[in-house]
Amino acid sequence: KTGKRSDAAHHYIYNQAHNPNLQLWVGKRVKRVIFEDKRAVGVEFTSDPAVCQDADLPSGTVRASKLVVVSAGAFGSPTILERSGIGAEAVLKRCGIELLVNLPGVGENYQDHNGGFIPHIAADGVVTMDPLWRKEESVIQENLAQWKHNGRSLIAQNGSDAIMKWRPDDDELKSMGSAFEARWKEFFQDCPDKALAIFAFLGGYLYPVSTGSVHIKMREDGKEELDFTTGFLDDPSDIVPLSFGYKRTREILRRMPSYREVSAGRPRFPDGSAAVCGEASGPVDLNAPDIVYTPEDDQAIDEFHRNNVQSAWHSLGTCAMKPEADQGAVDARLNVYGVTNLKVADLSIVPLNVGTNTYSTALLIGEKAAMIIAEDLGIDCTACPLWWESTQARL
């Protein structure tokens, strides 16, 4: 209604400026959790050189009287735990870190949504956000002024006006071939409300089987860096929805008056193939036959995705809430296995992928974590009925 999107900072932080129990320290980076025996009692931090480039980088500490909660995301949380001595023994040994708890699940189970982003040319007269991406100041100011006036303009939307969730019918499933058959029967067949992919200007697979990992490692100069393996497409079944998604979204988009195909950034089909992308002056007829792909064309599509598969920036799973024996890192109440007084509360705890943008999932985790923490500390959440009722309704 207003053209203004709600966001976590305004909804949870800025409206708490009056609250003496909340302090935000910007430009700081947590190095490790401090333990006495195996009880978390604080954190050690440094100034973040990316934010405080001219500042000295001495370490500081903060003591926790009741509880330490790590919330640094799928990349930050596992690496904080590893620097604190919690993780796989082999990883910590390579980094010269004293082992506190051998917890091999830390940093494993990295998951994301896989995407195949395909470029198109916008038709003449179609309004795009290109001037904003190019940071053309006059266009930015014009759109800001309109947005402040009536809540409308290019900056009141995110550039993707339509996205559909897709689940194959019987004919489509058959055309996807035997490589996907086992995954379909195991994970999708008996869940009719579970979408397999999203279609827009891309084809995105929501539930890949492949997993990766996020760990710390030491460079030859003794400095720490990230040891990140995506795992994308390691399982042969994962490429099938992406390749089918390419074909299906191509049929949709080439029939739309807004877009034109362009050969750049596409699979390299064999010469003479009916699938070769050419310049087009307009959309094809709605009733035009679909493109017929040969086995060689299918191979070109698969090769394209293996070379160009992209993240959806929906990283999760690296401190998974699973049994410790199944490479879990935290229990059902967010407690890190093997220590006390330490919780993790962010997308890293999610054990399996979710069929949605992970923003809403992150907010849900935060609200549920607040309830768990309050219960553990003996805080009566019902004393704030407005927050309690709204949170219960969302959960």
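As a reminder, the structure under discussion sits directly above these lines.
In this report, the structure presented in the accompanying data block is examined. A quick note: this is a predicted structure, and the numbers were derived from the prediction, not measured.

**A closer look at the sheet that holds strand S16 (residues 310-311)**
The 5 strands lie next to each other as S10-S11-S12-S8-S16, forming an open sheet whose pairing is antiparallel. Two strands close off the open sheet at either side, each with one partner strand: strand S10 (164-166) and S16. By the bridge criterion, 3 bridges tie S10 to strand S11 (residues 197-199) in an arrangement that is antiparallel. Looking at S11, one finds that lysine 165 is bridged to isoleucine 198.

**Comments concerning the nonpolar core**
One finds Val33, Leu81, Ile86, Leu103, Val336, Leu342 and Val344 to be the most contacted residues of the largest nonpolar core, which totals 30 residues. Those elements that provide at least two residues to this core are strand S1 (28-36), strand S2 (39-47), strand S4 (68-70), helix H2 (73-83), strand S17 (342-344) and helix H10 (358-376). Counting residues per element, this core draws most heavily on H10, at 3 residues. Sequence-distant contacts of valine 33, that is, excluding residues within four places in its chain, are made with Ala40, Gly42, Val43, Val68, Val70, Ile80, Ser84 and Leu342. Judged by nonpolar contacts, the second largest core, of 21 residues, contains Tyr207, Val214, Val240 and Leu242.

**Some thoughts on the pairing of strand S14 (residues 224-229)**
In terms of strand pairing, strand S13 (residues 212-218) meets S14 through 6 bridges, oriented antiparallel. Residue pairing across strands places valine 214 opposite phenylalanine 228, the latter belonging to S14.

**Describing the sheet that holds S2**
Sheet strands associate in pairs through backbone hydrogen bonding, adopting either a parallel or an antiparallel arrangement. What the 3 strands build is an open sheet, ordered S1-S2-S3; its pairing is antiparallel. Only two strands of the sheet have a single neighbouring strand rather than two, namely S1 and strand S3 (60-63). Taken pair by pair, the neighbouring strands of this sheet meet at an average axis angle of 30°, ignoring direction. Pairing between S1 and S2: 8 bridges, direction antiparallel. By the bridge assignment for S2, valine 33 is matched with valine 43.

What counts, and at which threshold
- Residues numbered from 1 in each chain as written.
- Predicted model: local features only at pLDDT ≥ 70, side-chain atom pairs only at ≥ 80, totals over all residues.
- Heavy atoms only, no water.
- Pairing = 2+ DSSP bridges.
- Helix = DSSP H or I, 4+ residues; strand = E, 2+ residues; numbered from the N terminus.
- Core = buried A, V, L, I, M, F, W, Y, C linked by side-chain atoms within 4.5 Å.
- Buried < 20%, exposed > 50% of the residue type's maximum accessible area, 1.4 Å probe, protein only.
- Contact = heavy atoms within 4.5 Å.
- Axes fitted to C-alpha atoms, helices over the stretch in contact; angles between N-to-C directions.

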